Structure formats: C-alpha cells, structure tokens
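Overview (structure and organization)
Each chain is listed here by its residues.
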Amino acid sequence: MAPEPSEPPEVAPAVRPWVLHVDLDQFIAAVEILRRPELAGLPVIVGGRGDPTERAVVSTASYEARAFGVHSGMPLKLAVRKCKEAVVLAVDAPAYDAASAEVMATLKAVPGAKVQVLGWDEAFVGIETDDPWAVARSIQAAVLKRTDLHCSVGVGDSTVRAKIATDFGKPRGVFELTRENWFEVMGDRPTTALWGVGSRIAARLAGHGIETVHDLAHADESVLVDEFGPAMGPHYRRLGRGIGTTTVDDTPWVARAHGRETTYQTNLVEPEEISGALTALSEQVVEDIRREERACMRVHLKVRFAPFFTTTRIRKLAEPTFDASVIAATAFDLLTGLGDDRPIRLLGVRAEMVPPEGGYDPPRTVGRGGPPAR
DNA sequence: TCTGGGGTCCTAGGACCC
DNA sequence: TCTGGGGTCCTAGGACCC
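Residues numbered from 1 in each chain as written. Chains lettered and ligands numbered in written order. Predicted model: local features only at pLDDT ≥ 70, side-chain atom pairs only at ≥ 80, totals over all residues. Heavy atoms only, no water.

Now for the confidence of the model for chain A. Residues shown with low pLDDT carry predicted positions that ought not to be read at fine detail. Within chain A, residue pLDDT values average 89, and 94% of them lie at 70 or more. In this model, residues 1-5 is a region of pLDDT below 50 whose contacts with residues beyond four sequence positions or in other chains number 0 contacts. Counting interchain partners and residues more than four positions distant, the pLDDT-below-50 stretch residues 363-374 has 24 contacts. (pLDDT = per-residue confidence, 0-100. Contact = heavy atoms within 4.5 Å.)

Below, the structure written as structure tokens:
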C-alpha cells in the first residue's frame, strides 16, 4: 500500500521515448494553393484529371470544400454537385513527391529523431525527450518555414496513440494521447475510430455486442480469436487498449510489389482492346520493377466488371521475369479463366517482386497501419 | 452518388510431401 | 479398409490505409 504523500513531489519531467505523428493539413490541396495563391480561401478539389465529368474520385478537398460535404474518396461527379463553385484540379503526383521530400527532410533534420515515412503527407518521429510538446511545436515551425505547409502533430506513448491523436489536433494543432487519457478520450467512441478498424471489422465486432473502444478493450479474447483468428483477434483487443509498438522503425522501406491499374472512361469489350490494355499496364509495371532490379515472380490480375464487381487472381511464374509480354500473357490467361464476358471498367496488373536477399526483415506495415507483424 | 490508384497483410482451404 | 499428423506452398478472397 503506497503512503499518501503529504505534498506532491516536485520532480522534473523525465526524459522518455515518445512517438510523434506528423500529418500535413489538407496536403495535396495545400501544395496546389501554394503555387496558385489566388485559390487561397476558395473551395478546391483535386482529383483525377481535373475533369468532373470523368470517372474519378476526390484525392483531397480544401477545408472550404469540405464544408460542403466533399471528402476524399468521393466520386468527382458527386463532389461538384455538392459544391458547384469548387475549383477542380488534376492530380499532379510529381509535385506532391517533391513537396513530400522537403517535409521528410525537415523531419530527418530534427536532432535525435528517427523518422518512419507512412505516406506522402505523414510520418512517425521517434525521439527521446522530456518535452514532446516543445519538439512538436518546433517541428511545426520548421516545416512551415521550409515548405510553407502547415501540419498537425500527435504525441503518444505508442505509434497507435500518436497516430490517432493527430486528428484531435487538426488543423495546425498538437494533441497528446497516452495510457493516462486513452479511455477518457477514446473509450466511448465507436471501434471505427481506431486505426485499422474499418466498417467491415466494426460490423463483425458489433455482432458480438462490441460497439465502443471500451467494449473492445474489455472483450473476451476467446471470442475475438474465434471471430478473427489467432493473430488478428488479440491484435484488435490490444488496439482497443491503445497498445502498439513504442519504437519508430526508420529502416528504409522496401516495396513488395508494384502495380498499375486504370479505370477506363468507356468500358472494354473487345478482346483486342483488352489484351492491348493489359500489355500497356504490364509495360508500365516492368518500368517500375526494372528500376528496382527485382524481377516479377507473381502476377496479380485485378478486374472490375460493369456494373460493379471486382475480383483478383494470382499466379506464380515458373521463372522470375522482367518481360512485359510474359506478364501480360499471364494476366490475359487469368482473365480468360474467369469466363466472364461482362464489359470491363477497370484492369490492374501487379507484379510481386522477388524478395531481397535474406527476405523482408523487418516486415513493414506501411500503407496499412496496424496489425503486428508475425 | 457511383465509386482512383498506390500499396500491405491476414486467413482459409486444397495440393502435396514425408 | 480406413485414414495419423506435421509441414510447406499456392491461390482466392477479404480488409484496411493513404
């Protein structure tokens, strides 16, 4: 039994490892507004080729456009219907690559920081400090000074908590989420508030009466194992408690695969145009894997038939290859094997590459965010 | 309303081997 | 005739994230 202290101890804050999650505010829209200052304050939507009559979705909307109910992932046609006065711009990936590189270089220049890049506009920063808020503020200032871009920072004692904290800080703010305030902040929120729980998982959890983060944290582990398996079941319960890795992994990211996919403005029907499309996609994929000098060992075909049915097929190749015609022929063969002659809206070809010497270690979860390796 | 394009990882079940 | 138990590899499919 701990004695009651007569007065609170005056202790200096200890130096501890912290995880900071840095997330740029409306990144893509912000980059566009930087080079077209006259757009500041206007509703800006970036998506597709900038033509709202085409099949495309919103990549990012400015805060002004979001006020109209426009958000990422929304069909462009619907977005402009909601916000008729919006300025619609084409996606310019090279511009965002360049801006992103500046931001990440700024983060890597923070003394003692380990940086794990998660995407164009976000990264974990691991740092040992007695004042994570001061570090967060200095990062915001440094990024703004170098790139004219604003960011929000989540401060946490795990990657999961830091990542989730950021949203509460947006825009341009800092928010801290730790073991101390986790349940106070998150306990009553729906499970979808967790990084890695989407609508499908949430629905399966709800089937067991698990609706909130608190419910998940205190759920019967055997129920979760039965529903989700021995790896994912316990993982979801840990997620509900905000428990995750406490270290930031700054080893360079190694891609497992490269793929290209295209949604056709008019559906494909003729075999010749289908095989032509697969050839074009395969050639693009080969450009990417040649750059990495890692051959294709498995071909993934993705097909979206009209009106809206998507399926994938995989085939391992007898020999690793850089030959686009082999990849295209394999994809065509997989497509033929489906025996489905409905018109095609989308085709995708992905090349899974030969792993580097010694395999993938450590396994990375970039772009997924969540489940533990192993 | 009508749904992009880039990724990663997990599970289940069948084939096959010892 | 009835049928083990362990392991690996492969494919199909699902789910999630930015």
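Having seen the model, we can carry on.
To continue, consider the packing of helix H1 (residues 27-35) against helix H4 (residues 93-108). Two elements in contact, H1 and H4, have axes whose closest approach is 10 Å; the angle formed by their N-to-C orientations is 95 degrees. The angle between H1 and H4 places the two elements in the roughly perpendicular class. The residues of H4 that touch H1, namely those facing Phe27, Ile28, Val31, Glu32 and Arg35, are Ala95, Tyr96, Ala99 and Ser100. Taken together, the residues of the contact of H1 with H4 sort by class into 6 nonpolar, 1 polar and 2 charged. (Axes fitted to C-alpha atoms, helices over the stretch in contact; angles between N-to-C directions. Helix = DSSP H or I, 4+ residues; strand = E, 2+ residues; numbered from the N terminus. Parallel < 35°, antiparallel > 145°, perpendicular 65-115°, else oblique. Nonpolar A, V, L, I, M, F, W, Y, C, P; charged D, E, K, R; others polar.)

Let's shift gears to the domain arrangement of chain A. Segmentation of chain A into domains returns domain 1 (182-240) and domain 2 (257-353). The straight-line distance from the C-alpha centre of domain 1 to that of domain 2 is 36 Å. (Domains from an automatic or database assignment.)

So, on to the nonpolar core. Core analysis: the largest hydrophobic core is formed by 34 residues, its most contacted members being Leu20, Phe27, Leu107, Val125 and Ile139. Here the element with the most residues in this core is H4; it accounts for 6 residues. Contacts of Ile139, omitting those with residues within four sequence positions, involve Leu20, Val22, Leu107, Val110 and Val125. (Core = buried A, V, L, I, M, F, W, Y, C linked by side-chain atoms within 4.5 Å. Buried < 20%, exposed > 50% of the residue type's maximum accessible area, 1.4 Å probe, protein only.)

Let us now look at the sheet that holds strand E11 (residues 309-321). Here we have 4 strands laid out as an open sheet, ordered E9-E12-E10-E11, and antiparallel in their pairing. Each of the sheet's edge strands pairs with one partner strand only, and the pair in question is strand E9 (257-268) and E11. Pairs of neighbouring strands in the sheet enclose a mean axial angle of 15 degrees, with direction left out of account. Running at roughly 155 degrees to E9, helix H11 (residues 271-292) makes contact with E9, strand E10 (296-305), E11 and strand E12 (344-353) of the sheet. This element, helix H12 (residues 324-338), spans E10, E11 and E12 of the sheet and lies at about 45 degrees to E10. (Pairing = 2+ DSSP bridges.)

The next point concerns the environment of Val80. Mapped onto the secondary structure, Val80 falls in helix H3 (residues 76-82). It is 9.3 Å that separates the C-alpha atoms of Val80 and Thr53, two residues lying 27 residues apart in sequence. Excluding anything up to four places from it in sequence, Val80 contacts Pro52 and Val88.

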